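# What the coordinates show
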There are 4 protein chains.
Amino acid sequence: MKIGIIGATGYGGAELVRILNHHPYAEDCILYSSTGEGNAYTDSYPHLRNLTKQSLQPIHIETIQEEIDVMFMAAPPGVSGEWSPQLAAAGIPVIDLSGDLRIQNPAVYEKWYKRKAAPKETIQNAVYGLAELQKEEIQTAKLIANPGCFPTAVLLGLAPLAQQKLLQDSFVIIDAKTGVSGAGRKASMGTHFSELNDNFNIYKVNKHQHTPEIEQQLTAWQPNLKPVTFSAHLAPMTRGIMATIYTEVTSEMSSAQLRELYSEFYQDSYFVRVRPEGEYPATKEVYGSNFCDIGVTIDERTNRVTIVSVIDNLMKGAAGQAVQNLNVMNGWKEETGLTMTPVYP
Amino acid sequence: MKIGIIGATGYGGAELVRILNHHPYAEDCILYSSTGEGNAYTDSYPHLRNLTKQSLQPIHIETIQEEIDVMFMAAPPGVSGEWSPQLAAAGIPVIDLSGDLRIQNPAVYEKWYKRKAAPKETIQNAVYGLAELQKEEIQTAKLIANPGCFPTAVLLGLAPLAQQKLLQDSFVIIDAKTGVSGAGRKASMGTHFSELNDNFNIYKVNKHQHTPEIEQQLTAWQPNLKPVTFSAHLAPMTRGIMATIYTEVTSEMSSAQLRELYSEFYQDSYFVRVRPEGEYPATKEVYGSNFCDIGVTIDERTNRVTIVSVIDNLMKGAAGQAVQNLNVMNGWKEETGLTMTPVYP
Amino acid sequence: MKIGIIGATGYGGAELVRILNHHPYAEDCILYSSTGEGNAYTDSYPHLRNLTKQSLQPIHIETIQEEIDVMFMAAPPGVSGEWSPQLAAAGIPVIDLSGDLRIQNPAVYEKWYKRKAAPKETIQNAVYGLAELQKEEIQTAKLIANPGCFPTAVLLGLAPLAQQKLLQDSFVIIDAKTGVSGAGRKASMGTHFSELNDNFNIYKVNKHQHTPEIEQQLTAWQPNLKPVTFSAHLAPMTRGIMATIYTEVTSEMSSAQLRELYSEFYQDSYFVRVRPEGEYPATKEVYGSNFCDIGVTIDERTNRVTIVSVIDNLMKGAAGQAVQNLNVMNGWKEETGLTMTPVYP
Amino acid sequence: MKIGIIGATGYGGAELVRILNHHPYAEDCILYSSTGEGNAYTDSYPHLRNLTKQSLQPIHIETIQEEIDVMFMAAPPGVSGEWSPQLAAAGIPVIDLSGDLRIQNPAVYEKWYKRKAAPKETIQNAVYGLAELQKEEIQTAKLIANPGCFPTAVLLGLAPLAQQKLLQDSFVIIDAKTGVSGAGRKASMGTHFSELNDNFNIYKVNKHQHTPEIEQQLTAWQPNLKPVTFSAHLAPMTRGIMATIYTEVTSEMSSAQLRELYSEFYQDSYFVRVRPEGEYPATKEVYGSNFCDIGVTIDERTNRVTIVSVIDNLMKGAAGQAVQNLNVMNGWKEETGLTMTPVYP
């Protein structure tokens, strides 16, 4: 299969290249970019010296049509709305890593993203690609809205309860921490080493655009759920997300029973590892891999549930899940090309 | 004033030395240690070359009695219970940085600390030294239980609401993040660079020994308060604590009113800086200083309050607050010797 | 092939497990340890949950003999001297990652390592496993002394000149920088996060035990070479070594010619990537991979050569090269199981 | 004394503000900037909340003339050449932190800086402000070219040998490592957290603009000295420079004698701390302070000298030395306002 990537020079694009380098069904990988046309890809990413000879190609729908079988869109916000319809018209399946096609309600998108929504039809055609939990829809989809990094960690952390409508409806608090690579490769004060190193920040308090994405999916599972509180923090590290989630359950259960519920829920999910009782994952333990590791407990003193969910934001939170979706769409084994062991330490 | 430090080789001790170097009323500083007797202090801390000629002294109550006017105890857990009574008998005021004298109920101490409590009388004589809020008791105290690092950030963050009994009684969630220096200088897997760098951990889930300290003080302010949820995380940085606190208030108020309430509450507190609306502190912004910076908001969607409180764990969370207590005990200006500007970046 | 690892709980061992997980000829992997017998390996390394069910086995030569076809020794110094002869007697090929068998002259070993050398016969049987440059010897070896991390970066950086006797004989200065994982997993002040983070250290000045290893090989190539200066620094990062090497060449050549000389020298070496003129590698660009990237230049002002050589110390500097040696010993393609792309960023 | 800062929004400016906050003779501090006029300084630097009420002032020579007694220039390259003459004409002493006035030969400046040199007269009036070693010239200067960060560490490290003409004339190799704050606050790929964290880089190989500054001063001391080799590396940390210098001496001496030579040379220099034999400084040991710590040794095997010199690049390497120069110019004690203890850990 011939694979295209629009927006290959960003971190999501580079991680796709790293994965597809070893994917058994990825015959060729063509890199498109709206800037830097003709430049060797290794000029942007010298860690790929000798591993790729690709140069950046301009985005022309006519040549794309002849060159590739599927397109990953790893471009900045606003680009998918433009290209997805054209690629659809050309019959090319698209997996979009941006947030543009994830929110079904354009008004909600525009409120949180502060930009114009993509065409309604495009949005409606997009299937939300939370790979573990939307397999059937993904299998027949031609357009995937690949989930955001925070929503992936949060939704996998809450799905076992929300799908069984066990969440106390007005009490979901999500305290999320991310590494800096989640902000992309663009230089800014918000990604400046001296501003972030040995420092811990909170940002977009109550305003993070991943909030409606989380709520849209949670209420699809448990319709009575009230708005959640979602806080994003920036930790001085490159990769990794930890979502610490506080909630209560409507049914009485022990910590062991809760843990068992999670374990059963994910028993067929290769990429979700529910930790033994009393063990909680650290972000480095999934570094460079497509795993989502989850620890859960109930505090006997307060009866509150704590859920700790970690991913590598560039893998399970972006490129890894995108390739997982590619696998599902093509009827390949979900973990094809994605079995890399976490790099630890 | 001649000042002694027991446990000078730990980070709390070293930070005391850094502060007292510039304190106008600290005439001399004598360093006691149960190990390394006779060694130059600069062998442990070469950053102090030329700045101190002290060597480590053995802990003999008779000589101590003649040498110093006040003692800081910066020793590991279990030591204060032994030495505080002897120092008290010798008429030497003590400021204890350990957790041993903070919990009034020995059974609670023993449950959370998994060790025997200090003698009941010693505990009862100890005044909890949350400097901004216990000034009167501190002024006349001979024995100070200096607050823990997490409790300092959390209690200063919640005091304006708890003292006015405005907290929803069953909804206080504290998600705290700390730098590694909080774990002290002892080498262990839990402080190993390769295990922590570029990594984010949660630890002691629902079991952190600072939990009862937080609850003891909160319920002193607002007696109907139910147990809180407190989670401690380890961020890959040396100094700094951020406590992100989620709660609700029982009285209707706007974000601006909440911010105003905090601002008034702390208007005479030099070390507490309430940030303007919409601004939240980062830990580096108090690095090396004794400030506690606080940002607050109410989310209109959920009506929930988010409080962000940051300190330098070795300063306001340990040595800085200890010296602040010394100042208050002696009737000096609270900020004497503690006006260092945060080191940024 | 069935593979054993003695000392599996260290970082070298864990990296071997990561690699062998995906090695096509590694049928099974048995983990031996002198401590923790019976413990699940995932208790030490939870990042391997679901990926290995191994528990730690005691080191009994009789059972080892029946269980495995080749042994990796990733144990602390002093252990190889004990076990290598027994494994040899049992007919099991050994690849030893320690420094114990690298120095041919026991007196030199004892001077630099400050411990007793291994039995002379064992040392003499050991082949120095610098995989790119000792292929023939490795193919027939039964006992490999896997090179040290610093020597690997340095020797690959200098081989093209030394093998052609082009080095100015009394001017080789090596300024090396390493991440902290090189110090192993043992907790100590030298690996304490708070001591190392945001800090840069030099250590073992003129006393690092990798110095004689470097000189032994360099003088094997260019016998007239005088002692080198080697300095080791500790950078606040987990993985990665950069050796910046300063020297002069005895033959007149331009920067372009020097670069060409390197390029030709390594044209058949998959794992050595000579960078284009004017480009120098950063350590992250080989993170998690078995590459050694090299940039070279001659300064026209001073006529001095600067060589920049980077590796991942746990991969090409330890476990990766060890598996490369396994491949060569068995006549497999050198890069079998080792083609992982660097993880960047 | 009323003090002005042009370019206050950079890191050098912010560090000047931190120092001058506590300087006993700094009555007032006025912050000038070519951008952001009217903005509160705390909008740029919230760590100064409550500590300064300054807003950014436009750079008008007429008002400057009436407002201040001395000006620090902490602006980007190219600005000093424009403003220094005007300030001189207005009779205002200037301490310039940029590199514009350091190189006496305009052709050399233009070759290394790739930009037009400042007016010749301005350059000739500028005194190179290496505070420990140019005291007399500084005392009477009206225009100070404050040394660069690397040259400060290197020149203090080499002065005891170069002033006595003891350096082997064709063998000075300087391998320097810096934290990222040396690159300033401007966002770029070269200061992007994800590109630098857990990574080690070399940059501007043989092309760093601090090279001629180092050579100009070294040859002023020891005229026969040949060009040096200077390499700059970027370590994943915020503050700190370590220069590891390799050389030989023309006179025979032991390690102890060399150490003694340094110790005597700096016996009256408060800010230079020569370490005991066998001890080498780490960058964190001068963090936030104005110290330059130096360790020296001679390797008996090679007869080569290794000099390890560390500074905080924003303090002794920029703002700290600038204030030290202010002190010397005014006949105040050199360490006035600069006695802050290093922040460790």
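Just so you know, the residues in each chain are numbered from 1, in the order the chain's sequence is written. Both sets of labels track the order of writing: A upward for chains, 1 upward for ligands. Whole-chain, interface and lining totals are the exception, using all residues; otherwise, since this is a predicted model, local features are given only for residues with pLDDT of at least 70 and side-chain atom pairs are given and counted only at 80 or more. Computation of side-chain values covers all heavy atoms of the structure but excludes hydrogens and water.

### Digging into the UniProt feature "domain: Semialdehyde dehydrogenase NAD-binding" (unreviewed entry) in chain A
How we decide: UniProt positions are given in the numbering used here, feature names are shortened, and annotations may be inferred rather than shown by experiment. Only DSSP runs of H or I covering at least 4 residues are called helices, and only runs of E covering at least 2 are called strands; the numbering of each starts at the N terminus.
If you check UniProt for "domain: Semialdehyde dehydrogenase NAD-binding" (unreviewed entry), the listed places come out as residues 2-141 of chain A in our numbering. In residues 2-141 of chain A, helix accounts for 36% and strand for 14%; the two terminal C-alpha atoms are 18 Å from one another.

### So, the UniProt feature "active site" (unreviewed entry) in chain A
Residue and element names in this part refer to chain A. Basically, it comes down to this: The criterion used for residue contact is that any of the two residues' heavy atoms lie within 4.5 Å.
Mapped onto the present numbering, the UniProt feature "active site" (unreviewed entry) falls at Cys149. Structurally, Cys149 can be placed in helix α8 (residues 149-162). Excluding its chain neighbours within four sequence positions, the residues that come into contact with Cys149 are His210, Ile241, Ile311, Asn313 and Gly317.

### Topic: the side chain of A:Asp312
Residue and element names in this part refer to chain A. Applicable threshold: Throughout this description, buried means an accessible area under 20% of the type-specific maximum (1.4 Å probe, protein chains only), exposed means over 50%, and partly exposed covers the range between.
Locating Asp312 in the fold gives a position in the loop between β13 (305-311) and α12 (315-329). Exposure remark for Asp312: the relative accessible area of 0% places this residue in the buried category. Once you skip the residues sitting within four places of it in the chain, Asp312 turns out to touch Arg239, Gly240, Val286, Tyr287, Gly288, Ser289, Phe291 and Gly317.

### With respect to the nonpolar core
Test applied: Grouping buried Ala, Val, Leu, Ile, Met, Phe, Trp, Tyr and Cys residues that are joined through side-chain atoms within 4.5 Å yields what is termed a nonpolar core.
Counting residues in each nonpolar core, the largest one holds 100 residues, and the members touching the most others are A:Leu16, A:Phe72 and B:Phe72. When residues no more than four places from it in sequence are discounted, the contact partners of B:Phe72 are B:Ile3, B:Gly4, B:Ile5, B:Ile6, B:Leu16, B:Leu20, B:Ile95, B:Leu97, B:Ala322, B:Val323 and B:Leu326. Counting residues in each nonpolar core, the second largest holds 98 residues, with C:Leu31, D:Tyr41, D:Ile144 and D:Met315 among its members.

### Observations regarding the relation of the copies chain B and chain A
So the rule is basically this: The least-squares superposition of copies is restricted to C-alpha atoms, and to residues with a pLDDT of at least 70 in both copies.
For the pair chain B and chain A, the best superposition has an RMSD of 0.0 Å and corresponds to a rotation of 180° with a translation of 0.0 Å parallel to the axis. The operation mapping one copy onto its partner corresponds to a two-fold rotation axis. A symmetric contact is evident, with 100% of the interface residues of chain B recurring at the interface of chain A.

### A look at α8(A)
Under the convention used in this document: A helix's residues, less one, multiplied by 1.5 Å, set its expected span. Bend angle per residue: angle between axes fitted to the 7 residues ending at that residue and the 7 residues starting there.
Here α8(A) is 14 residues long and its end C-alpha atoms lie 19 Å apart, about the 20 Å a rise of 1.5 Å per residue gives. A maximum bend of about 35° is found in α8(A) at A:Leu156, where proline A:Pro160 lies one to four positions downstream.

### Some details on the pattern of salt bridges
Rule in force here: One speaks of a salt bridge when a side-chain nitrogen belonging to Lys or Arg is within 4 Å of a carboxyl oxygen belonging to Asp or Glu.
A full pass over the atoms with the stated rule returns 76 salt bridges over all chains. The shortest N-O distance in the salt bridge between B:Arg239 and B:Glu15 comes to 2.8 Å. Within this pair, whereas B:Arg239 is found in the loop between β9 (229-234) and β10 (241-249), its partner B:Glu15 is found in helix α1 (residues 11-20), the two being separated by 224 residues in sequence. With respect to class, B:Arg239 is no different from B:Glu15; both count as buried. When the shortest N-O distance is used, the salt bridge between D:Lys135 and D:Glu334 registers 3.1 Å. Linking D:Lys135 in helix α7 (residues 135-139) with D:Glu334 in the segment after α12 (315-329), this pair joins segments that are 199 residues apart in sequence. Classification of D:Lys135 by relative accessible area gives partly exposed; the value is 29%. A single network of salt bridges, built from pairs that share partners, joins A:Asp43, A:Arg49, C:Arg273, C:Arg275, C:Glu279, C:Glu285 and C:Asp293.

### A look at the interface of chain A and chain C
As a reminder, the rule being used: Summed over both partners, the accessible surface that disappears when two parts come together, traced with a 1.4 Å probe, is what is meant by buried area. Polar contacts, as used here, are pairs of N or O atoms within 3.5 Å; protein pairs need one atom able to donate a hydrogen and one able to accept it. Residues neighboring in sequence count only if both atoms are side-chain atoms. Three categories are distinguished: nonpolar for Ala, Val, Leu, Ile, Met, Phe, Trp, Tyr, Cys and Pro, charged for Asp, Glu, Lys and Arg, and polar for the others, with Gly belonging to the last.
Chain A puts 35 residues into the contact, and the matching count from chain C is 35 residues. The contact between chain A and chain C buries some 3000 Å² in all, and 56% of this surface belongs to carbon and sulfur atoms. In this assembly, chain A and chain C are joined by two salt bridges. Two residues, C:Glu279 and A:Arg49, come together in a salt bridge whose shortest N-O distance is 2.6 Å. On the surface where chain A and chain C come into contact, there are 16 residue pairs in polar contact (both at pLDDT 80 or more). Across the side of chain A that touches chain C, the residue classes break down as 15 nonpolar, nine polar and eleven charged.

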